[in-house]
Amino acid sequence: MFSAPERPLRTLRYVEKAFDLIKERKNVRDIVILNDAGNPVKSTMDRDDAVQFSGLFQAIRGRLERGMAKIDPTDELLMLRVRTKTNEVLLVPDSKITVLVLQDAQDNFETI
């Protein structure tokens, strides 16, 4: 019988390193790192704001993934980028974590 492909473990050290690397980038205002269940595990926001913010973007992510599955079931979401005049939100899913970054929008389209 076939088993599901193994997903790499994401340790606290991995989360801390990712958080620190992102935090060093200019224009980054807030960071939320979610576990595979979608719960914030590390954030620059207070707990309630992190839960609310991540819930909203996880809902968008779910709808987008369902829509993409109808177009091409073999495709996967690598990054979701939402930009307004002044803000930009990046959602980057990994095998065990999801990183949400809120940054100031820049004309040069800098990414994390």
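Residues numbered from 1 in each chain as written. Predicted model: local features only at pLDDT ≥ 70, side-chain atom pairs only at ≥ 80, totals over all residues. Heavy atoms only, no water.

Another aspect to go through is the sheet that holds strand β5 (residues 98–104). Pairing is antiparallel in the open sheet, where 5 strands are placed in the order β2-β1-β5-β4-β3. The sheet is open, and its two edges are formed by β2 (40–43) and β3 (80–83), each paired on a single side. Along the sheet, successive strands turn relative to each other by an average axial angle of 15°, direction set aside. (Pairing = 2+ DSSP bridges. Helix = DSSP H or I, 4+ residues; strand = E, 2+ residues; numbered from the N terminus. Axes fitted to C-alpha atoms, helices over the stretch in contact; angles between N-to-C directions.)

Turning our eyes to something else, we now look at helix α1 (residues 12–23). Its 12 residues give α1 an end-to-end C-alpha distance of 16 Å, which sits within 8% of 16 Å, the value for a rise of 1.5 Å per residue. Looking only at α1, the buried set comprises V15, A18, F19 and I22. Each buried residue of α1 sits inside an arc of 100° when the element is viewed along its axis, so together they form one side. Facing away from the buried side of α1 by over 90 degrees, the exposed positions are R13 and K17. Along its buried surface, α1 packs onto β1 (28–34), β2 and β5. (Expected span 1.5 Å × (residues − 1). Buried < 20%, exposed > 50% of the residue type's maximum accessible area, 1.4 Å probe, protein only. Arc of directions from axis to C-beta. Contact = heavy atoms within 4.5 Å.)

Backbone geometry at N27 places phi at a positive 75°, although glycine is not the residue there. Mapping N27 onto the fold places it in the loop between α1 and β1.

Attention now moves to the packing of aromatic side chains. Enumeration according to the criterion identifies 1 aromatic pair in this entry. Measuring from centroid to centroid gives 5.1 Å for F53 and F57, while their planes differ by 50°, and the two rings are tilted. Of this pair, F53 and F57 both sit in helix α2 (residues 47–71), 4 residues apart, which is roughly one turn of that helix. For F57, a relative accessible area of 12% puts it in the buried group. Positioned over the ring face of F19 is K42, at 4.6 Å from the centre of the ring. (Phe/Tyr/Trp six-rings, centres within 6.5 Å; stacked < 30°, edge-to-face > 60°. Lys NZ or Arg CZ within 6 Å of the ring centre and 35° of its normal.)

This brings us to α2. Compared with an ideal rise of 1.5 Å per residue, which puts 25 residues at 36 Å, α2 spans 36 Å between its outermost C-alpha atoms and is within 8% of the ideal. Those residues of α2 that fall on the buried side of the exposure criterion are A50, F53, S54, F57, R61, G62 and M68. Buried residues along α2 sit against β1, β2, β3, β4 (87–93) and β5. Two to three positions downstream of the cap, the backbone nitrogen of D48 sits 3.3 Å from a side-chain oxygen, assigning the N-cap of α2 to D46. (Polar contact = N/O pair within 3.5 Å; in protein donor to acceptor, adjacent residues only side chain to side chain.)

With that settled, consider the nonpolar core. Formed by 13 residues in total, the largest nonpolar core has its most connected members in V32, F53, F57, V89, L91 and L100. Of all the elements, α2 adds the most residues to this core, at 4 residues. Those residues within four positions of L91 in sequence are excluded, and the remaining contacts are F57, Q58, R61, L77, L78, M79, L80, T98, V99 and L100. Core analysis: the second largest hydrophobic core is formed by 11 residues, A18, I22, I33 and I97 among them. (Core = buried A, V, L, I, M, F, W, Y, C linked by side-chain atoms within 4.5 Å.)

Residue position: R61 is located in helix α2. What makes R61 buried here is its relative accessible area of 15%. Of the polar contacts made by the side chain of R61, one reaches the side chain of T98; its length is 2.8 Å. Setting aside its immediate chain neighbours within four residues, R61 contacts L77, L91, P93 and T98.

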